[in-house]
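Overview (structure and organization)
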Amino acid sequence: MSLPADFQWGFATAAFQIEGATEADGRGPSIWDTFCKIPGKIAGGVDANTACDSYNRGADDIALLKRLGSKCYRFSLSWSRIIPLGGRNDPVNQKGLDHYIQFVDDLLEAGIEPFITLYHWDLPDELDKRYGGLLNRTEFPLDFENYARVVFKAIPKCKNWITFNEPWCSSVLGYNSGYFAPGHTSDRTKSPVGDSTREQWIVGHNCLVAHGRAVKVYRDEFKPTDKGQIGITLNGDGTYPWDPEDPADVEAANRKIEFAISWFADPIYFGKYPDSMRKQLGDRLPTFTEEERSLVQGSNDFYGMNHYTANYVKHKTGTPPEDDILGNLECLFYSKSGECIGEETQSFWLRPNAQAFRDLINWLSKRYDYPDIYVTESGTSIKDEDKLANDPKDKEKLLNDTFRADYFKNYVNAMAKAVSEDGCKVKGYMAWSLMDNFEWAEGYETRFGCTFVDYNNGQTREPKLSATQMKGLFDGLMKKN
Ligand code: PNW
């Protein structure tokens, strides 16, 4: 079991979750700033106005990465810092842009390879108000294309670009359940607007087209000289049939991945949506125009994989409700024979199962003909970790996060087997997250950090065991060849 000598490993974050300084240097509000203001949407009623204060502590974050031995760093840009109103006819905010130009220079100076995500959920609020944001099939892709061009032009030193982070979350959590900004859902007790039978499919489609447009700009105008690579990051969980003897459960376990991942990856690799989705959704799932298809098909230089967890999948019978997004099935933590998928964490949706990671890497590699894969996120929360974090006498226990450290050991080893024994082409692994941060609707109560951030003490950072073990873990795997 080994990894190639040029394997990229490091840590990941996202702008809105760590930066704070939401009004500094001319930044405009994003849909998440607005969402945080709606009572009841964020646990503890908190916002991200300070978060980890990373906008003011870039030097600290880079020093931390260096100390941990990180070879690369994945972070995202705040679109509304760069173009406060967001649109292609709106002014560029040079101060916001300069901040990221400097940050990339500083990373490279420290010998750390940047991986930049253009869109990690923080749409400029104005675009949502102006034309419905991600719901707008013509305006949104053009504004995203313009934003991408501004950034590519300003930061030629970055060689690794991710267009969208987890469009599944933007679509389903933003426009079906309403759990994430902008909070659309058919449930009128939660939102005055939304149509959970359609909007998520429209938003997903528009993200794909916007991704395709940005990739075309990069390949036509920048890649020939800058020589970088560009792709999209998709999230998806591992699946096992609830009853492996039941062909309908076996099929449902596969269909679950199609509804979560192939929804986006099939158009990118094959130019069409999966048959299973078309069959269930009919014309509620948009159809690609010829122009859209040609933008989307073939638009990945690499596959960005975010992965955390797995489920047992049980098929359902009968006609699914029109707001179903899973594929007429249910996801369970226990199998028919009573096996448990993994231990409980602080996140209701997350239970570690490293074998499922290896299996999913294989599933993706087979379906999409062994693309280069970068694991752009993987990690875990820990049940009740925040309680330890708020009690100074539990400090030692808090920093000794063996549950998370074991997660990384198991997941990284499973990935190394997928590479060296199964022939999958995984090129990088970025742990989520470099540090505790604003965990979206869960506020600060759920921590994913390999580094402890003390919100009660000026956002000071202290690496946990999971952070400091990482270098040894990768050194061990990378020197064996
Ligand atoms: C990812 N779910 O999100 C994101 O890319 C990160 O920003 C986030 O902090 C991290 O995972 C940990 O949550 C997800 O409910 C959020 O299934 C929620 C789900 C999946 C992914």
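This write-up is about the structure you can find in this document. On a predicted model such as this, the values are computed, not experimentally measured, just so you know.

Structural notes on the site of the ligand
- Every one of the 14 residues lining the ligand counts as a neighbour, but Q17, H120, E377, E439 and W440 are closest to it.
- In this structure, an oxygen atom belonging to the ligand sits 3.0 Å away from a side-chain N or O atom of N165.
- A total of 450 Å² of accessible area belongs to the ligand in isolation, and the protein chains cover 94% of it.
- In a pocket analysis with a 2 Å cut-off to the grid points, the ligand is assigned to the largest pocket.
- Here the residues of the shell around the ligand sort into 7 nonpolar, 4 polar and 3 charged.

Description of the packing of aromatic side chains
- For the structure shown, the criterion picks out 52 aromatic pairs.
- Centroid distance F16 to F438: 5.5 Å. Interplanar angle 80°. Geometry classified as edge-to-face. You can see F16 sitting in helix α1 (residues 15-18) and its partner F438 sitting in the loop between β11 (426-432) and β12 (451-454), a full 422 residues away along the chain.
- Chaining the aromatic ring pairs together yields one cluster made of F16, W32, F35, W121, Y179, F180, F348, F438, W440, Y444 and Y455.
- The positively charged end of K314 is found above the aromatic ring belonging to W242, 4.3 Å away from the centroid.

Remarks on the packing of helix α8 (residues 167-175) against helix α9 (residues 199-226)
- Axis separation between α8 and α9 bottoms out at 8 Å; the angle between their running directions is 155°. The angle between α8 and α9 falls in the class roughly antiparallel. Both α8 and α9 take part in a crossing whose hand is right-handed. Facing α8, whose interface residues are P167, S170, S171, V172 and Y175, α9 presents E199, Q200, V203, G204 and C207.
- When its residues are assigned to classes, the contact of α8 with α9 shows 5 nonpolar, 4 polar and 1 charged.

A closer look at the nonpolar core
- Counting residues in each nonpolar core, the largest one holds 138 residues, and the members touching the most others are W32, F144, W161, M415, Y429 and F474.
- Tallying contributions element by element places α9 first for this core, with 11 residues.

Comments concerning the sheet that holds strand β6 (residues 238-241)
- Spatially, 3 strands are ordered β6-β8-β9 in an open sheet, and the strand pairing comes out mixed. The outermost strands of the open sheet, each flanked by one partner alone, are β6 and β9 (329-332). Averaged over all neighbouring strand pairs, the angle between strand axes comes to 40°, with direction disregarded.
- Note: β6 against strand β8 (residues 310-315), 4 bridges, orientation parallel. Bridge pairing in β8 places Y240 opposite Y312.
- Against the sheet, helix α10 (residues 247-270) engages β6, β8 and β9, with an angle of about 125° to β8.
- Sheet contacts for helix α13 (residues 354-367): β6 and β8; angle to β6, the most-contacted strand, approximately 100°.

Concerning the side chain of K464
- Counting through the fold element by element, K464 comes out in the loop between β13 (460-463) and α17 (465-468).
- At 2.8 Å, the side chain of K464 forms a polar contact with the side chain of E385.
- Contact partners of K464, with chain neighbours within four places excluded, come to E385, L398, L399, D401, R404, D436, G449, C450, T451 and F452.

Comments concerning the packing of helix α7 (residues 139-154) against α9
- Where α7 meets α9, the axes come as close as 8 Å, and the angle between the chain directions of the two elements is 30°. For the element pair α7 / α9, the angle class is roughly parallel. Between α7 and α9 lies a crossing of right-handed hand. Residues F140, P141, L142, F144, E145, A148, R149, F152 and K153 of α7 pack against N206, C207, V209, A210, H211, R213, A214, V217, Y218, E221, F222 and D226 of α9.
- Its residues placed into classes, the contact of α7 with α9 shows 13 nonpolar, 2 polar and 6 charged.

Quick look at the sheet that holds strand β5 (residues 229-235)
- Taken together, the 8 strands give a closed barrel; going around it, the order is β1-β2-β3-β4-β5-β7-β10-β11, and neighbouring strands pair in parallel fashion. Averaged over neighbouring strand pairs, the angle between their axes works out to 25° when direction is ignored.
- Along the sheet face, helix α5 (residues 94-109) touches β2 (72-76) and β3 (113-119) and points at about 170° away from the line of β2.

Thresholds applied
Residues numbered from 1 in each chain as written. Predicted model: local features only at pLDDT ≥ 70, side-chain atom pairs only at ≥ 80, totals over all residues. Heavy atoms only, no water. Near = heavy atom within 4 Å. Polar contact = N/O pair within 3.5 Å; in protein donor to acceptor, adjacent residues only side chain to side chain. Areas by Shrake-Rupley, 256 points an atom, 1.4 Å probe, with all protein chains shown as cover. 1 Å grid on protein atoms, 1.4 Å probe; cavity = no way out; pocket = protein on both sides within 12 Å on 5 of 7 lines; lining within 4 Å. Sits in = over half its atoms within 2 Å of the grid points. Nonpolar A, V, L, I, M, F, W, Y, C, P; charged D, E, K, R; others polar. Phe/Tyr/Trp six-rings, centres within 6.5 Å; stacked < 30°, edge-to-face > 60°. Helix = DSSP H or I, 4+ residues; strand = E, 2+ residues; numbered from the N terminus. Lys NZ or Arg CZ within 6 Å of the ring centre and 35° of its normal. Axes fitted to C-alpha atoms, helices over the stretch in contact; angles between N-to-C directions. Parallel < 35°, antiparallel > 145°, perpendicular 65-115°, else oblique. Left-handed = near helix turned anticlockwise from the far one by under 90°. Contact = heavy atoms within 4.5 Å. Core = buried A, V, L, I, M, F, W, Y, C linked by side-chain atoms within 4.5 Å. Buried < 20%, exposed > 50% of the residue type's maximum accessible area, 1.4 Å probe, protein only. Pairing = 2+ DSSP bridges.

All quantities given are derived from atomic positions and should not be read as evidence of function.
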